[in-house]
Amino acid sequence: MFPMLHVEMVPTDYALRMRPAFIGMLIALIVIVFGKLMIHDFWGAISVLCVVIMGFFVLSGEYKINASSALFYCVMAMISGIFDVISCILYFQHSKYRLAHTDAPWIVLLAQAVFILSPVALMASAVLSYNIFSDCRDHAEETMPMRAGGALDYTSLLDAGQPPAQSQHGQPGVIVPFQGRGQRLSGDA
């Protein structure tokens with residue numbers, strides 16, 4: 001495969017201030033993983049554990065927070081949160097006890113709390129990570145010299161240090177793509 005050029009976004013002050021809140025969200029998700037294990041929802045626990053592992057990638061990197069990984073985390077947390085909403089609805093449809101029923105055993109109350117808090121925590125952490133990513137992205141538009149026309153221009157990074165392009169007459173100038181006569185595959189001109 002071709003090597004990929006990865007430019008890590010510099011985190012903003014907002015992103016660095018939100019780092020402790022994001023760590024708090026990850027700790028809450030770890031507690032939910034243990035809760036899911038206690039109620040024997042093993043696949044749900046594995047799903048949330050994968051999201052937590054992706055959250056650790058957000059906290060790694062050259063800076064204290066990795067904005068690119070925050071976008072990937074947001075997608076994973078949102079998808080997992082949607083599946084947990086479906087799981088919550090199915091649990092309460094098939095449960096013998098209604099929400100916080102006084103005659104329910106403690107394990108049922110724990111299961112109800114886990115099924116309600118899991119999608120809430122996942123979606124809240126997804127929103128927080130997207131806010132971190134979007135703030136860093138918006139700040140990068142103002143500070144990155146390689147931005148041109150609203151999109152990242154990676155060719156400016158690759159062309160750094162190369163001599164300026166030559167035109168057809170051997171003079172420095174702008175190369176205009178798609179010059180000349182077009183050809184068709186059928187041979188018709």
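Right above here is the structure, for reference.
Because the structure is a prediction, the values reported are computed rather than measured. (Residues numbered from 1 in each chain as written. Predicted model: local features only at pLDDT ≥ 70, side-chain atom pairs only at ≥ 80, totals over all residues. Heavy atoms only, no water.)

Q: How would you sum up the overall build of the chain? Please name residues and give values.
A: Counting secondary structure elements, the chain contains six helices and two strands. Listing every helix and strand of the chain by position from the N terminus yields α-α-α-α-α-β-β-α. Residue burial in the chain is summarised as follows: out of 189 residues, 31% are buried. Contacts in the chain between residues far apart in sequence, at least 24 positions, make up 68% of those at least 6 positions apart. (Helix = DSSP H or I, 4+ residues; strand = E, 2+ residues; numbered from the N terminus. Buried < 20%, exposed > 50% of the residue type's maximum accessible area, 1.4 Å probe, protein only. Contact = heavy atoms within 4.5 Å.)

Q: Before we move on, could you go through the nonpolar core and cite the residues and values that matter?
A: Ranked by internal contacts, the top residues of the largest apolar core, which has 28 residues, are Phe22, Leu29 and Tyr73. At the level of elements, α2 (19-38), α3 (42-58), α4 (67-94) and α5 (106-143) are the ones that each hand at least two residues to this core. In terms of residues, this core owes the most to one element, α5, which gives eight residues. Discounting residues that sit within four places of it in the chain, tyrosine 73 has contacts with Phe22, Leu26, Leu29, Val51, Met54, Gly55, Val58, Ser125, Ala126 and Ser129. If you look at the next biggest cluster of nonpolar residues, it comprises eight residues, including Ile39, Cys88, Tyr91 and Ala111. (Core = buried A, V, L, I, M, F, W, Y, C linked by side-chain atoms within 4.5 Å.)

Q: With reference to specific residues and values, describe the packing of α3 against α4.
A: At a minimum axis distance of 9 Å, the contact between α3 and α4 shows a crossing angle of 165°. The orientation of α3 relative to α4 falls into the category roughly antiparallel. Here the hand of the crossing between α3 and α4 comes out left-handed. Of the residues in α4, those touching α3 at Ser47, Val48, Cys50, Val51, Met54, Gly55, Phe57 and Val58 are Ser69, Ala70, Phe72, Tyr73, Met76, Ala77, Ser80 and Asp84. The class makeup of the residues in the contact of α3 with α4 is 11 nonpolar, four polar and one charged. (Axes fitted to C-alpha atoms, helices over the stretch in contact; angles between N-to-C directions. Parallel < 35°, antiparallel > 145°, perpendicular 65-115°, else oblique. Left-handed = near helix turned anticlockwise from the far one by under 90°. Nonpolar A, V, L, I, M, F, W, Y, C, P; charged D, E, K, R; others polar.)

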